[in-house]
Amino acid sequence: MTSAQQLLRSQRELLLNWTCDHPAPLLRWLYDAKVLSSTCYLSLLEKSPSNAVAQALETACASEESSQKFLSVLKEVQDYYCSDLHLWVNKHCRSEAVSKPSPEPVKVGARDKKPKGPIAKLFKRKSEGFSVTVEPKANKDQQPTKSQKLAKLRVPISAHKTTLLKRMEQLKCYSEGNRVASNSASHIEIRYTDLFVTEDNDFTDNSQHEYFDLASRRARIYVHQACQCIKPSQLLSPQETSGQPPKRVKVKGIAGIGKSVAVQRLVYEWAIGKSMREFACIFDLRFRELNLIEAPISLLELLGERFRYLREVLPDLLTAPHSLLFILDGLDEFRFFLEWNRPDKNIDVGSKVQVSELIVALIKGTLLPEASVILTTRPSTEAPKRFFKRCCVVLGFEEKQVKEYTTKFYKDKDVAEKVFEYILNNDNIFVLSFIPLYCYIICTAMAEFFSSGSQDVGDFKSLELNPPRTVSEVYFCFLFTAVKHHALRGSADRSTPRAEVLSLAKQQLTNLGKLAYENLLQRKIMFDREDLKSYGVTPADVQSTFLCQILHPLKEETVEMFSFFHLTVQEHLAALYCAINLSSQEAIVQALDFWCFGMRPPSSTATPLKNISLNTDKLESLQMFTRFFMGLLRGRLEGHLDGLVDLSIEEHDTIPTRLGLWFQDQFKGRKMTNQTALNLLHCLMEFHMKETTSIAAPEIKKLNLFKMKLSVVDCAAMHYVLQFSPHTLQELNLGYSNIGNRGLRRLWSILHRCESLYLRYNCLDWQAAILESAVLKSDECQVKKLFMCGNNLGPAGVLELWDALEHNTTVEELFLDITGITEKGTENIVKCLSRNTSLKLLTIVGNDIGVVGRRRLKELENLRPELKIIANFVDDLGLLQAYLDWVDEIRADRDQMDSVKNVDALQSVLKGLQVAGENVEKGEKTKKAKELQMKIQELLKSTSHLTGGK
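Now for a description of the structure that goes with this document. (Residues numbered from 1 in each chain as written. Predicted model: local features only at pLDDT ≥ 70, side-chain atom pairs only at ≥ 80, totals over all residues. Heavy atoms only, no water.)

**Notes on the packing of aromatic side chains**
Inference 1: Under the defined criterion, the tally for this structure stands at 31 aromatic pairs.
Inference 2: Centroid distance W595 to F629: 4.9 Å. Interplanar angle 75°. Geometry classified as edge-to-face. On the criterion of sequence distance, the pair formed by W595 in helix α26 (residues 585-597) and F629 in helix α27 (residues 623-637) is long-range, its members being 34 residues apart. Neither residue differs from the other here; W595 and F629 are each classed as buried.
Inference 3: Site record: aromatic cluster; members linked through ring pairs are F397, Y405, F409, Y410, Y440 and F478.
Inference 4: Against the face of W270 rests K161, its NZ or CZ located 4.4 Å from the ring centre.
Inference 5: Above the plane of the ring of W29 lies K274, whose end atom (NZ or CZ) is 3.7 Å from the centre. (Phe/Tyr/Trp six-rings, centres within 6.5 Å; stacked < 30°, edge-to-face > 60°. Helix = DSSP H or I, 4+ residues; strand = E, 2+ residues; numbered from the N terminus. Buried < 20%, exposed > 50% of the residue type's maximum accessible area, 1.4 Å probe, protein only. Lys NZ or Arg CZ within 6 Å of the ring centre and 35° of its normal.)

In structure tokens:
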């Protein structure tokens, strides 16, 4: 046996004794050194600390090479552990030490432990280990040397890192019991799934519920931008433009998208010594805690109170601000107003000011400008971009990450595959799954249906429900699963009737729902103990009942608050409360008037409509809530809420008809925003009653969702409602909606009934052209105007369209500007369109069809003189003006410029103008063309960061 192996084996008990309390750093460094395989590493994290270290030692002792690596790792991580280990490492882990015979074991006396925590290599280069040195005592008149300062900082920062590691190692798990969430480990190394984070232009559509805006942004970014996925540890990496790391970074994302988990991962990686090693100290501050600071306070006092073990060394740390990172998590939860435009005050770390001023000064850089700051916030909260060098948006999971998450959630691979397949094949649920907490909710809800304990996928007796198809069904299954597991206390009796289970939790659900509802109207998301008690919710029950899955306690050194662990859980419980307590059709209609349009109800006996107040400027925030309500109302009518309500409901049979008439009135007589109209479509889909939808749908004559940036679920809602209308839809405007091929496929079966169909700039390709061609070939086709501009149909796609138009007799106007048509795409245009009898206008500008393509167009013009073909921008004054208006619109709404497709489109227009302008006569068209050319050049120049310098 070689000496490194001998050393480890002879000192096994000592090493176990010193490291078993906190094995995470040792295991992680051994994994990175390839001593432990990925499978072995993850399995060790699930074992008890002593067993994990014992097995890691056994693995390392398998060969001399791995034993040597173990010793090298031990030098790196020694400062996570006690001083006895430091002395042992100093004695035995030098390169020459392991070649000598094994020494006698060190006697274990009093365990002279310092506060545990990593500090290795804090102030040294990455390739160097840390050696213990004893500094000489400084004379009273002498200033401390740099070495003395480092020695003074070492122990408290080690304690700081240890504290952070203990807090950051576990990802929060919102469930208990022997099933569901217990099937997935909660250690951050096991549960963490990478998020999709990318740089962002920081323009937000505040008119939309933040979830809907994010869904649309994802569609736009994924399709258009070749954007880079940024890991949390890369947030402060050097920027391409300057080559310097940004000092101020903003990370935004909706509730539950993973912002806090991302920075948790970042802090964990720093504390374990694997990233951000340029920082001597990281201070993580949460706005939930900062809310409690009423009196003026200095930064020195704030940090001293929050990180008490650093109090003595804070003055020294703050003298080197370039080595400090402040993480400010959850700006959206801050209750104090931030005055961004107030003149800057000259304050330092000892100046006492209001906490809001302190935060503004840190972010703006008027306080500690050399320090680095990462701020996380929801999109709806203002934090001006001008104060940040990098702005990022968290987009959640991609499809492969959803699959990875489900695999980690369930230990049974067969169950994981079944659940993922179900998610993938259900549009409503698939679109939810990109949000990590939605993924958790979905996986929890699905476990009951797909668990290996079931006889087969069709055995759903335990829930008396079918697998969820809509958003409200997913949430109800999630809630019922939580209630059931706690109500039955882990009983194996899965056949307990649903009504009996719900009745056991009726009072708690009612109290919790009232808390959720009344505070949702006030946009309040944080509650203290008194808040809970005033609604009959006992804080002690949060850990002992199903509430542990619903309410998330925040317990820090100075604060104890509660919140629903996800905004949508609060919305769902609020909707459940209303579905239970609104029984008459008149009360339901009054409530919808109130929630959707801000119409205050007259005096009502219904509890949810008494003594209520609502900021009518924030009605958009209730959109998801109203959808939940409609889904739960259907559940009540179908008996799914039995146990929470009486078996009979007042006017049960007439409610669907009355609601149908209410929706009919809205579509017929009310002017609505596009978002409100879309929300009503979703409400109808969640209610999912043919009788109701059949009354409402015929009143929808036009549907204008221009620039709404729709998800596939939005397309599903449109399809569900419009299929019940027997009439032709005069106009369906989905321009700039980014529906993509998947969205178009969802709408395909109703498109033939649209007279004017606007599909401009929708991330469509040749497959979408095939779908649209089938629509045009339909005997029932009623399409007269078809707008396909700005989609990448390509030659293959447009050939399909020409073929479809050969026998089509309805299309009169076809717009194919900037669709990637080449010379090849004109091969059958003469044959097909010369036989067409209905087409009167064809625009095909912005396409490089070449000389042969233009010759074919001339031939077609001779065969069809009544067909107007616009192939050059300067051919038509109206077209030039339309493009001028388009460019002005982009300049006014720069959010459009985050689409690389728009940049490409502008460049295509510019190229077309340059080609056509050479041969055009002077006049009004020339003047307009030059104006358009100049505006596009200015716009492209101002957005060169999106064009890659093109």
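**Some remarks on the packing of helix α25 (residues 567-581) against α27**
Inference 1: At a minimum axis separation of 8 Å, α25 and α27 run at an interaxial angle of 45°. Taken together, α25 and α27 sit at an angle that is classed as oblique. As for how α25 packs across α27, the hand of that crossing is right-handed. Note on element contacts: α27 touches α25 through M624, F625, F628, F629, L632, L633 and R636, opposite T568, E571, H572, A574, A575, L576, C578, A579, I580 and N581. (Axes fitted to C-alpha atoms, helices over the stretch in contact; angles between N-to-C directions. Parallel < 35°, antiparallel > 145°, perpendicular 65-115°, else oblique. Left-handed = near helix turned anticlockwise from the far one by under 90°. Contact = heavy atoms within 4.5 Å.)

**Some remarks on the pattern of salt bridges**
Pairing between side chains of opposite charge can happen when the charged atoms of each approach one another.
Inference 1: For the coordinates displayed, the defined rule picks out 34 salt bridges.
Inference 2: The salt bridge partner of R9 is E58, with a shortest N-O separation of 3.8 Å. You can see R9 sitting in helix α1 (residues 3-10) and its partner E58 sitting in helix α5 (residues 49-60), a full 49 residues away along the chain.
Inference 3: For E58, a relative accessible area of 42% corresponds to the partly exposed category.
Inference 4: Two residues, K352 and E301, come together in a salt bridge whose shortest N-O distance is 3.3 Å. One end of the pair, K352, is in the loop between β4 (324-329) and α15 (355-364); the other, E301, is in helix α13 (residues 299-306), with 51 residues separating them in the sequence.
Inference 5: For K352, a relative accessible area of 55% translates into the label exposed.
Inference 6: When its relative accessible area of 34% is taken as the criterion, E301 is described as partly exposed.
Inference 7: Connected through shared salt-bridge partners, R28, D32, E189, R265, E269 and K274 make up one network. (Salt bridge = Lys/Arg side-chain N within 4 Å of Asp/Glu carboxyl O.)

**Some remarks on the nonpolar core**
Inference 1: Ranked by size, the top nonpolar core spans 239 residues in total, and within it W595, F629 and W802 carry the most contacts.
Inference 2: For this core, the element with the most residues is helix α19 (residues 436-450), which contributes 12 residues.
Inference 3: Each residue touching W595, except ones within four places of it in the same chain, is listed here: Y517, C578, L582, L619, L622, F625, T626 and F629.
Inference 4: Within the second largest apolar cluster, 43 residues are counted, among which are L285, L299, L331 and L358. (Core = buried A, V, L, I, M, F, W, Y, C linked by side-chain atoms within 4.5 Å.)

**A closer look at unusual backbone geometry**
Inference 1: Positive phi outside glycine occurs at Y736, with the angle close to 55°.
Inference 2: Structurally, Y736 is set in the loop between β10 (729-733) and α32 (740-747).
Inference 3: Phi at I818 takes a positive value of approximately 50°, unusual for a residue other than glycine.
Inference 4: Summarising the element assignment, I818 is placed in the loop between β13 (813-815) and α35 (829-833).

**Brief notes about α32**
Inference 1: Regarding α32, the residues found buried are G740, N741, G743, L744 and L747. The arc that holds the buried residues of α32, viewed along the axis, is 160°, so those residues lie on one side.
Inference 2: Elements in contact with the buried residues of α32: α31 (712-722) and α33 (766-777). (Arc of directions from axis to C-beta.)

**Here we look at the sheet that holds β4**
Inference 1: With respect to topology, 6 strands assemble into an open sheet ordered β1-β6-β2-β5-β4-β3, the strand pairing being mixed. Edge positions in the open sheet fall to β1 (197-199) and β3 (281-286), since each of these has one partner strand only. Geometrically, the sheet is characterised by an average inter-axis angle of 20° between neighbouring strands, direction not taken into account.
Inference 2: For strand β2 (residues 248-252) and strand β5 (residues 372-377), the ladder comprises 5 bridges, and the chain directions are parallel. Counterpart to K250 in the pairing with β5 is L375.
Inference 3: Of the strands in this sheet, β3 and β4 touch α13, which is tilted by about 90° from β3.
Inference 4: Packing of α15 onto the sheet brings it into contact with β2, β4 and β5, and relative to β4 it is tilted by some 125°. (Pairing = 2+ DSSP bridges.)

So far we have only geometry, and geometry alone does not tell us how the molecule works.
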